[in-house]
There are 2 protein chains.
Amino acid sequence: MSAANPLIVPEDDHFGRNNLPYGVFSTADDADRRRLGVRYGDHVLDLGAAARALGSAHADLLTAPSLNPLLAAGRPVWSEVRAELRRWLDPDADERTRSVLAPLLLPLSHVTLHLPFEVADYVDFYASEHHATNVGRLFRPNGDPLTPNWKHLPIGYHGRAGTVVVSGTPVVRPLGQRKAPDEEVPSFGPSRKLDIEAEVGFVVGTPTRLGEPVPQTAFRDHVFGVCLVNDWSARDVQAWEYVPLGPFLGKSFATSVSAWITPLDALDAARTTPPPRTHALLPYLDDADDGIEPGGFDVRITVSINGEVVSEPPFGAMYWTAAQQLAHMTVNGASLRTGDFYASGTVSGPEKHQRGCLLELTWGGREPLKLPEGERTFLEDGDEVTLTAWAPGPEGERIGLGEVVGRIVG
Amino acid sequence: MSAANPLIVPEDDHFGRNNLPYGVFSTADDADRRRLGVRYGDHVLDLGAAARALGSAHADLLTAPSLNPLLAAGRPVWSEVRAELRRWLDPDADERTRSVLAPLLLPLSHVTLHLPFEVADYVDFYASEHHATNVGRLFRPNGDPLTPNWKHLPIGYHGRAGTVVVSGTPVVRPLGQRKAPDEEVPSFGPSRKLDIEAEVGFVVGTPTRLGEPVPQTAFRDHVFGVCLVNDWSARDVQAWEYVPLGPFLGKSFATSVSAWITPLDALDAARTTPPPRTHALLPYLDDADDGIEPGGFDVRITVSINGEVVSEPPFGAMYWTAAQQLAHMTVNGASLRTGDFYASGTVSGPEKHQRGCLLELTWGGREPLKLPEGERTFLEDGDEVTLTAWAPGPEGERIGLGEVVGRIVG
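Residue numbers run consecutively from 1 along every chain, following the written order of its sequence. Each chain takes a letter, starting from A, and each ligand takes a number, starting from 1, following the order in which they are written. Local features in this predicted model are restricted to residues of pLDDT 70 or higher, and side-chain atom pairs are both shown and tallied only at a pLDDT of 80 or more, whereas totals for entire chains, interfaces and linings draw on every residue. The basis for every side-chain value is the complete set of heavy atoms in the structure, and neither hydrogens nor water enter the calculation.

What counts here: UniProt positions are given in the numbering used here, feature names are shortened, and annotations may be inferred rather than shown by experiment.
Under an unreviewed UniProt entry, chain A has the name fumarylacetoacetase and belongs to Streptomyces alkaliterrae. Annotation of chain A in UniProt includes, under Pathway (unreviewed entry), the sentence "Amino-acid degradation; L-phenylalanine degradation; acetoacetate and fumarate from L-phenylalanine: step 6/6."

Structure, rendered in structure tokens:
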């Protein structure tokens, strides 16, 4: 807890006035009441209380117990609320505004953070060429590392929405079937190859009707914001189950997300051009057109195990963009709901220290990581994994994407 | 509309007093108000109005606009509500009960039926050995038809919950990428291989906490009831996209379900023993134990295209049971939510006329079906597909599972 004025955030803070990510919190003295908050420095602004006290036109949305009503309100309202927040937190704001806000900025250490939105459908993509190539080499050593479709469409699958959990939730090592190639029959027990996947997630606000594809140019109209994701994976369970219908129990036990959803607007300065396309794309996926914003985001992720940095995956190196993924996901007429959530797939860069999962970092367990407390191939009970990330902001500062923390419980 | 007394249902009706499936309806004069109903003969009992008029202890659950509050209430309440309904509709019920109910039984032709529950997560299995073998032969002609894991675990994957629609919803032919083996690059357009999959679905009521597996013996505590499912599939889209992460856009455009959820209790007389197990099962899947109810259900499905019967798949022939599927789905600690919904996978029997999809019925399009209006390999625009099903009831009658109807719109 800091005694400093919460209205003043240092210039190098990742959560200054150009970020303003949204979350849901409660306090110990009112534990059952969930409230919307905005992170500002190391404080949380009680958004509903501020909206009522300062007379926001959107006070009804901001006093809800989850982000979903605000998500459903659509891009014009998102912009109005963000502009209002920036006025409130302007260093030159009037004295009354400042005196109203000061007591509504609660130290982060005094609040409990919750899952910020109700997840509708959850889709996980597979958008890093480096990751897909590495995994292909490991899982199918005798074939082409990339499947023939990989460069033609962003491969994805539906995950379990009901087990998306907020950062800090302990991750119980899953039980399951696994069979090594040299074993006759599968055995049952705790996963022996528990892994992470460092990803970036996108939260859908504005819904669509069945049969209404969303072109890349409408990305901003539907996607509210961005968070960090750890898509925990039991590699032994996954390897045995995934042919022919894809990952199921190897992934469905838990997916952790950061407690903060950074608005898309806060990442305007982080827009970047994705890698050159090596294959011609069908029109709905083609992003060479002048009318389409650069689809990449220069988000820099750090993966730590027990406080030791083990990887720094660059999200800007992803082959498929979030706008392409949204266009693909809806091109068959599938509708979007408020709270739909899709993740990028493991973020891996071209370098060894940029790989976003242990499967790649240890090359299938053959090259253990050397950590201060010993070697690691996959996660051991008690290990704590932390993902953090930031992106360049409009004034040279860093825009923080918060953190995703999870400790393995045996 | 029938002028007959709605309190008297013929003995051979599929929706008599031993069935009593639940649904959600509205009427034209009050179109925005969704109400719970129970099907009785060719009428719908307005459940909320009946509960209030007759003083049910569960009137609060029964006046909700969706089944979810009743689903969440758990097995003891489900049994109490069912017993109450059976008392109300007893031919020997008192005169007051009969006079209260008569005006609350609305002809089916006068109501609009809606999706009966809010779908949480949707999982689709692959539980028919006949179907999996046929598909394996068609998709991987040079390999073993069954993958090595098939006899060891019920293979499944998550589908799109947001595009589960109620019977009667038109199905728009999906657009997508498809590439025939002899084509150099994929092309884009309406699916040319639009198919059906006749399935049976299970609706979860009682939720669980993360990390709490559901053994087969607890199946009845968590599963509320059963419905019919048509898992529409674009085979050309699916074939191009599904390696390595499974079906995605080939399935996500629509999944149709019957408007009626038949309570598990109504299917007690339909319980049947699944086929002999050819491989030893791990303990959590082993269903040879005396403590486990027979896991199969003798549900007989009929598939019609434009009124012509094309197949009669027997659900009793499924290799994996719904109780095994629930145990598998949660064995890694994945939690259940009220409204979770899982489908059996295509129901195919050993005979040609028992195959539950066109891919099998026409052997990949090589053996067209001969219908009065012409040959069919896959569905054409304007085709209407109807699934119906029944199961033996406790008194020799038939328990109807309603119908799933969908017309293809180009």
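**Observations concerning the sheet that holds strand 1 (residues 22-27) of chain B**
All names here are of chain B. For the record, the criterion: Here the rule is simple: two strands pair whenever DSSP picks up at least two bridges between them. Strands here are runs of E lasting at least two residues and helices are runs of H or I lasting at least four, both read from the DSSP assignment and numbered beginning at the N terminus. Angles run from 0 to 180 degrees between N-to-C directions of axes, and those axes are lines fitted to C-alpha atoms, restricted for helices to the stretch in contact. We call two residues in contact when some of their heavy atoms are within 4.5 Å.
With antiparallel pairing, the five strands of this open sheet are ordered in space as 4-3-2-1-5. Bordering the open sheet on either side are strand 4 (105-107) and strand 5 (111-114), each of which pairs with just one other strand. On average, each strand axis in the sheet is tilted by 45° relative to the strand beside it, whichever way the strands run. Both strand 2 (residues 30-40) and strand 3 (residues 43-46) contribute to a ladder of four bridges, which runs antiparallel. Bridge assignment links tyrosine 40 to a residue of strand 3, and that residue is histidine 43. Contacts between helix 1 (residues 47-54) and the sheet are confined to strand 1, strand 2 and strand 3, with strand 3 contributing the most and set at about 50° to the helix. Against the sheet, helix 4 (residues 75-88) touches strand 1, strand 2 and strand 3, its axis set at about 65° to strand 1.

**A word on the nonpolar core**
How we decide: Buried Ala, Val, Leu, Ile, Met, Phe, Trp, Tyr and Cys residues form a nonpolar core when they are joined through side-chain atoms within 4.5 Å. Relative accessible area decides the class of each residue, using a 1.4 Å probe on protein chains only: under 20% of the type maximum gives buried, over 50% gives exposed, and in between gives partly exposed.
With 156 residues, the main nonpolar core has Phe202(A), Phe219(A), Tyr342(A), Phe202(B), Phe219(B) and Tyr342(B) as its most contacted residues. With residues up to four places along the chain from it excluded, the contact list for Phe219(B) reads Phe202(B), Leu264(B), Arg271(B), Phe297(B), Ala322(B), Ala323(B), Leu326(B) and Tyr342(B).

**Considerations on the relation of the copies chain A and chain B**
Each of the two chain copies goes to the other by way of a rotation about an axis and a shift along it. Note the cut-off: C-alpha atoms of residues with pLDDT of at least 70 in both copies form the basis for the least-squares superposition of the copies.
The transform that puts chain A on chain B rotates by 180° and translates by 0.0 Å along the axis, for an RMSD of 0.0 Å. In short, the pair behaves as if placed about a two-fold rotation axis. For chain A, the minimum C-alpha distance to the rotation axis belongs to Gly246(A) and amounts to 2.1 Å.

**Section: the interface of chain A and chain B**
Short version of the rule: Put simply, buried area is the surface a 1.4 Å probe can reach on two separate parts but cannot reach once they are joined, added for both. Take a side-chain nitrogen of Lys or Arg and a carboxyl oxygen of Asp or Glu: if they are within 4 Å of each other, that pair is a salt bridge. When residues are sorted by character, Ala, Val, Leu, Ile, Met, Phe, Trp, Tyr, Cys and Pro go into the nonpolar class, Asp, Glu, Lys and Arg into the charged class, and all the rest, Gly among them, into the polar class.
In this assembly, 53 residues from chain A lie in contact with 53 residues from chain B. When chain A packs against chain B, the two sides together hide about 5100 Å² of surface, and 64% of this comes from carbon and sulfur. Interface area lost by chain A to chain B is led by Arg160(A), Leu245(A) and Phe248(A), which between them contribute 16%. Counting every contact that joins chain A to chain B gives two salt bridges. For Arg160(B), the salt bridge identified is with Asp340(A), shortest N-O distance 2.9 Å. For the side of chain A that touches chain B, the secondary-structure elements that each account for two or more residues are strand 6 (122-125), strand 7 (156-159), strand 10 (175-178), strand 11 (187-190), helix 8 (235-241) and helix 9 (322-330) of chain A. Considering each element in turn, the side of chain A that touches chain B owes the most residues, four residues, to strand 7 of chain A. Residues belonging to the side of chain A that touches chain B are distributed by class as follows: 32 nonpolar, 15 polar and six charged.

**A word on the pairing of strand 25 (residues 384-392) of chain B**
Residues and elements named next belong to chain B. By the criterion of burial, strand 25 is predominantly enclosed, with seven of the nine residues buried. Both strand 20 (residues 300-305) and strand 25 contribute to a ladder of six bridges, which runs antiparallel. Note on strand 25: the bridge partner recorded for arginine 300 is tryptophan 390. In this sheet, strand 26 (residues 398-409) lies alongside strand 25 in antiparallel orientation, the contact comprising eight bridges. Bridging across to strand 26, proline 392 finds its partner in arginine 398. From the end of strand 25 to the start of strand 26, which pair antiparallel, there are five residues, and glycine 396 there has a positive phi angle of about 80°.

**Some details on the UniProt feature "binding site: substrate" (unreviewed entry) in chain A**
Which entries qualify depends on this criterion: We call two N or O atoms a polar contact when they sit within 3.5 Å, provided that within protein one can donate a hydrogen and the other can accept it, with sequence-adjacent residues counted only if both atoms are side-chain atoms.
Under the present numbering, the feature "binding site: substrate" (unreviewed entry) in UniProt falls on Tyr126(A), Arg140(A), Gln238(A), Tyr242(A) and Thr346(A). Its location among the elements puts Arg140(A) in the loop between helix 6 (129-139) and strand 7. Residues contacting Arg140(A), with those up to four places away along its chain left out, are Val135(A), Pro145(A), Thr147(A), Tyr242(A) and Pro244(B). Following the sequence through the fold, Thr346(A) ends up in the loop between strand 22 (341-343) and helix 10 (358-361). Not counting residues up to four positions away in its chain, the partners in contact with Thr346(A) are Ser128(A), His131(A), Glu197(A), Ala198(A), Glu199(A), Met318(A), Gly356(A), Cys357(A) and Glu360(A). Within polar-contact distance, the side chain of Thr346(A) engages the side chain of His131(A) at 3.4 Å.

**What to know about the pattern of salt bridges**
Pairs can form between side chains of opposite charge once their charged atoms are near each other. A complete count under the given rule lists 48 salt bridges over all chains for this structure. Across the pair Asp46(A) and Arg35(A) runs a salt bridge, and its minimum N-O distance is 2.8 Å. Linking Asp46(A) in strand 3 (residues 43-46) with Arg35(A) in strand 2 (residues 30-40), this pair joins segments that are 11 residues apart in sequence. Take Arg35(A): its relative accessible area is 10%, and that puts it in the buried class. Here Asp231(B) makes a salt bridge to Lys251(B), at a shortest N to O gap of 3.1 Å. Of the two residues, Asp231(B) is situated in the loop between strand 14 (223-230) and strand 15 (233-234) and Lys251(B) in the loop between helix 8 (235-241) and strand 16 (255-257); the sequence distance between them amounts to 20 residues. With respect to burial, Asp231(B) and Lys251(B) carry one shared label: buried.

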